[in-house]
Amino acid sequence: QVLTNTFSENAMMVYYNGLLINETYHYTFASNTISFIDFAAEAGDLLTVIGLAASGSTGSSINAAALIRGEY
């Protein structure tokens, strides 16, 4: 799942259907993309990323939550 904001992997929490998941155990994060390990998202699943965005639409650091929902 490609995130619309640029996130710092050291300052983010990822929730999948409301459950906190862990990097390297449940997913990998590279090039602003979350890749699940050993499972796939299904239609209607909810992915929530909370953290400090490295950049936003203004180019400055912002606190942001990215909500991605729908079919993957």
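Look up a bit, the structure's there.
All values reported here derive from a predicted model rather than from experimental measurement.

Caption draft 1: Structural view of the overall build of the protein chain. When helices and strands are tallied, the protein chain shows zero helices and six strands. Helices (α) and strands (β) of the protein chain occur, in sequence order from the N terminus, as β-β-β-β-β-β. Within the protein chain, the proportion of its 72 residues that are buried is 32%. Once local pairs closer than 6 in sequence are excluded, the contacts in the protein chain between residues at least 24 apart make up 54%.

Caption draft 2: The arrangement of the packing of aromatic side chains in detail. Per the stated rule, a full pass over the model turns up three aromatic pairs. On the numbers, 5.2 Å between centres and 65° between planes, the contact of Tyr16 with Phe36 is edge-to-face. Here the residue Tyr16 occupies a position in strand 1 (residues 6–16), and Phe36 occupies one in strand 4 (residues 33–36), the gap between them amounting to 20 residues. Judged by its relative accessible area of 15%, Phe36 falls in the buried class. The structure contains a cluster of three or more aromatic residues connected by ring pairs, namely Tyr16, Phe36 and Phe39.

Caption draft 3: Fine view of the nonpolar core. Judged by nonpolar contacts, Leu3, Met12, Val14, Tyr16, Ile21, Tyr27, Phe29, Ile34, Phe36, Ala41, Leu47 and Val49 together constitute the single largest core of 12 residues. Elements that contribute at least two residues to this core include exactly strand 1, strand 3 (27–30), strand 4 and strand 5 (46–55). In terms of residue count, strand 1 provides more of this core than any other element does, three residues in total.

Caption draft 4: Spotlight on the pairing of strand 3. Residues Tyr27 and Phe29 line the buried face of strand 3, whereas the alternating positions Thr28 and Ala30 sit on a face that is not buried. Of the pairings in the sheet, the one linking strand 3 to strand 4 comprises four bridges and is antiparallel in character. Residue pairing in the sheet places Thr28 in a bridge with Ser35 of strand 4. The antiparallel hairpin formed by strand 3 and strand 4 contains two residues in its connecting segment, where Ser31 sits at a positive phi of about 50°.

Scoring rules and cut-offs
Residues numbered from 1 in each chain as written. Predicted model: local features only at pLDDT ≥ 70, side-chain atom pairs only at ≥ 80, totals over all residues. Heavy atoms only, no water. Helix = DSSP H or I, 4+ residues; strand = E, 2+ residues; numbered from the N terminus. Buried < 20%, exposed > 50% of the residue type's maximum accessible area, 1.4 Å probe, protein only. Contact = heavy atoms within 4.5 Å. Phe/Tyr/Trp six-rings, centres within 6.5 Å; stacked < 30°, edge-to-face > 60°. Core = buried A, V, L, I, M, F, W, Y, C linked by side-chain atoms within 4.5 Å. Pairing = 2+ DSSP bridges.

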